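A structural walkthrough
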Amino acid sequence: MLEVTKYNYAGINNLPTTNPINFKAESSLERSGKTDEIVLEKPKKKKKSLGKIFAGIIGVVILTYGSIVLRRKLSKPSFDEIQKCFSQIFEKDLSTDEVKNLISKYKEICKTKDTDDFVEKMIAELKKDYGLENVTTNTKVNKLKDNSIKTAMERVKAGSANPYGQIDMNPGTYNNTLIRSTQGETFGTAFHEMFHLKQFYQAYKADPELFAKSVYANTKKTAPDEIEKAINQTIELNKKNGITVSRAEAEKLVEEGSIKEIRQTLDKTYNTTTRFAKDSKEYSKGVEYMNSYENYTSLEENMDDYMKNKLEEEAYKVSDNAEKIYKYLSSIWKL
């Protein structure tokens, strides 16, 4: 078995954040000073070593909120329906008082029309309500200028999330202002993307090492050219140092080094030593999320497979409930 620390290897540089999966309108918010960011150490220019090769591999498939054309119009829901919506979203039975408190908080947030402020407040509140306070996140808002539609696919890319706590929101705005329709879309997208982060958190708490391997397997599928480049460069770097490394050995080095770097980044992101018991429902669900991420198909690749993926099946139920909640809020308070 190769010991990674004894060999030279090449980094996987500029790995693209592959195939986002989208819903409607979201954007990415640079929360300068207020947002926790994951900063990865870059390889030194002098000489690439095994310990640094995989800083570039941390770009992974991101789960984005895909816009489905002609989504159904929702009639004004009742309070009982909203209580059920919140309970389903947060996966627990909420009392009448608890739901009234949630309505009050989101009502106040929805008074905010500034795009950046609205997204920041939504993410902060959802982080608390989803129980993700200790998770390190970085949120960006990428606004579509004046709600313009350059291409159909660009328009549906409303937001995205990846296992490293990166949340991107891509809302349509008018002079950085959200009107009722775009605010409603952004409201639903925030619930959708933060739920993906909750799914990742559950996968991590089930088995961090297994989750890291799933992330690497996903990367092999979505960025094969970058991994191939790293393998070839690893062979050449060792050759220059008088070490013969076969292709199989180089592949192993790349895989082991990548998984190590991914695991370290996941540890920094989720900041918890809590683990689910292997005979628990939570553990089984976490493993299911890992498998779903490893075999994830983007909206662009195949709509049917995308919608059938466990991660998206659940997240779309969340965003559907969030749409009902926004409908309820805007009907009552005329946002």
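Further up the page is the structure itself.
Residues numbered from 1 in each chain as written. Predicted model: local features only at pLDDT ≥ 70, side-chain atom pairs only at ≥ 80, totals over all residues. Heavy atoms only, no water.

All right, on to the nonpolar core then. Grouped together as the largest cluster of nonpolar side chains are 70 residues, with contacts concentrated most on Phe-86, Tyr-106, Tyr-130, Phe-187 and Phe-191. Take this core: its biggest share by element is 11 residues, from helix α5 (residues 180–206). Not counting residues within four places of it along the chain, the set of residues in contact with Phe-187 comprises Tyr-106, Cys-110, Phe-118, Met-122, Ala-322, Ile-325, Tyr-326 and Leu-329. (Core = buried A, V, L, I, M, F, W, Y, C linked by side-chain atoms within 4.5 Å. Buried < 20%, exposed > 50% of the residue type's maximum accessible area, 1.4 Å probe, protein only. Helix = DSSP H or I, 4+ residues; strand = E, 2+ residues; numbered from the N terminus. Contact = heavy atoms within 4.5 Å.)

Among the 5 residues of strand β3 (residues 157–161), 4 are classified as buried, and the element is accordingly described as predominantly covered. Across 3 bridges, β3 lies against strand β4 (residues 166–169) in antiparallel orientation. Residue Gly-159 lies in a different strand from β4, and its bridge partner there is Met-169. Linkage of β3 to β4, two consecutive antiparallel strands, is achieved through a turn of 4 residues, within which Gly-165 is found at a positive phi near 80°. (Pairing = 2+ DSSP bridges.)

A word on the pattern of salt bridges. Summed over the entire model, instances satisfying the criterion amount to 15 salt bridges. Its salt-bridge partner being Glu-314, residue Lys-285 comes within 3.8 Å of it at the nearest N-O pair. Within this pair, whereas Lys-285 is found in helix α9 (residues 281–294), its partner Glu-314 is found in helix α11 (residues 310–333), the two being separated by 29 residues in sequence. By relative accessible area, Lys-285 is classed as partly exposed at 24%. With relative accessibility at 12%, the residue Glu-314 sits in the buried group. Of the charged contacts in the structure, one is a salt bridge between Lys-310 and Glu-314, with a shortest N-O distance of 3.4 Å. Here Glu-314 and Lys-310 lie together in helix α11, a separation of 4 residues that amounts to about one turn. If you follow the salt bridges from partner to partner, you end up with Glu-91, Lys-198, Lys-285, Lys-310 and Glu-314 in one network. (Salt bridge = Lys/Arg side-chain N within 4 Å of Asp/Glu carboxyl O.)

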